[in-house]
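# Fold and geometry: a report
Here are the chains, one letter per residue:
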Amino acid sequence: MLIKTLNSNNMGQNIYLYYDEKSGEGVLIDAGCSEADHEKISTFINENNITIKAILLTHGHYDHIISVDTMKNLTSAVVCSHELEKQVLENPDLNISTRIGLKLTITPDRLFNDGDVFRFGNAALKVLHTPGHTPGGVCYYDEENGYLFSGDTLFKESIGRTDFLLGNFQVLLKSISEKLFTLPDSTQVYPGHGSSTTIKHEVQNNPFV
């Protein structure tokens, strides 16, 4: 399994192309792509014969969904989110796109519940419901390979904001403590913004939890 990170955008959000080099199947985790990211993804998947099976959304804020439609048209992938995030994705006030003069509405093709597993190629990503940043925020966990895509739940030595509509600080701390800090120390964490980290590093150094 290989991970390609893209973040040529103004908000510094990470888009992850997570793919199985053997089968050629992959997923996009979040779609906050700029035009530069679009071009890189298009070129990369064509040159490497990768089929994108799904666009897996960690949550519905505009910086992570702004290019969902473009990426869906490019790849024909299904768009997936937690069932509680549908309200955020379909409401421009809740997904904060109105703050930048847009009215984004995204209707997911598939809704997850906590514990669901999305399989592609030889990989399996488990859905960990981690509310707090948003009600339907999730992380995607590949137990076999020890990778966690944490969205805006957990950052390197930081956590997601909870001052937006429907955010809840105490709920976020509970999500991190009970769902993420119980994972193996060696788990590699790939957040929605910033550099990667490990569960061990965050347990020892994160000042918020």
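What comes next concerns the included structure. (Residues numbered from 1 in each chain as written. Predicted model: local features only at pLDDT ≥ 70, side-chain atom pairs only at ≥ 80, totals over all residues. Heavy atoms only, no water.)

## Focus on the environment of F164
Within the element layout of this structure, F164 appears in the loop between β12 (158–159) and α5 (169–180). A residue is classified by how much of its surface remains accessible, and F164, at 13% relative accessible area, is buried. The spacing of F164 and D116 is 48 residues in sequence and 27 Å in space, taken between C-alpha atoms. Aside from chain neighbours lying at most four places away, what touches F164 is H61, I96, R99 and H133. (Helix = DSSP H or I, 4+ residues; strand = E, 2+ residues; numbered from the N terminus. Buried < 20%, exposed > 50% of the residue type's maximum accessible area, 1.4 Å probe, protein only. Contact = heavy atoms within 4.5 Å.)

## So, the sheet that holds strand β1 (residues 2–6)
Pairing in this open sheet of 6 strands is mixed, and the strands run β1-β2-β3-β4-β5-β6 from one edge to the other. The open sheet has two free edges, formed respectively by β1 and β6 (110–112), since each of these has just one partner strand. Recorded for the sheet is a direction-independent mean angle of 25 degrees between the axes of neighbouring strands. With 5 bridges joining them, β1 and strand β2 (residues 15–19) adopt antiparallel strand pairing. Bridge pairing links T5 to Y16 in β2. Of the strands in this sheet, β3 (25–29), β4 (51–56) and β5 (78–82) touch helix α3 (residues 68–75), which is tilted by about 155 degrees from β4. (Pairing = 2+ DSSP bridges. Axes fitted to C-alpha atoms, helices over the stretch in contact; angles between N-to-C directions.)

## Regarding the packing of aromatic side chains
The full count for this structure, using the stated rule, is 11 aromatic pairs. Ring centres 5.8 Å apart and planes at 75 degrees place the aromatic pair Y16 and Y190 in the edge-to-face group. Highlighted residues: Y16 in strand β2 and Y190 in strand β13 (residues 188–191), separated in sequence by 174 residues. In this structure, Y16 and Y190 share a single accessibility class: buried. Ring geometry for Y18 versus F120: centroids 6.0 Å apart, planes at 75 degrees, classification edge-to-face. Of the two residues, Y18 is situated in strand β2 and F120 in strand β7 (residues 117–120); the sequence distance between them amounts to 102 residues. Per residue, the accessibility class of Y18 equals that of F120, and both read buried. Members of the aromatic cluster, each reached through a chain of ring pairs, are Y16, Y18, F112, F118, F120, Y140, Y147, F149 and Y190. (Phe/Tyr/Trp six-rings, centres within 6.5 Å; stacked < 30°, edge-to-face > 60°.)

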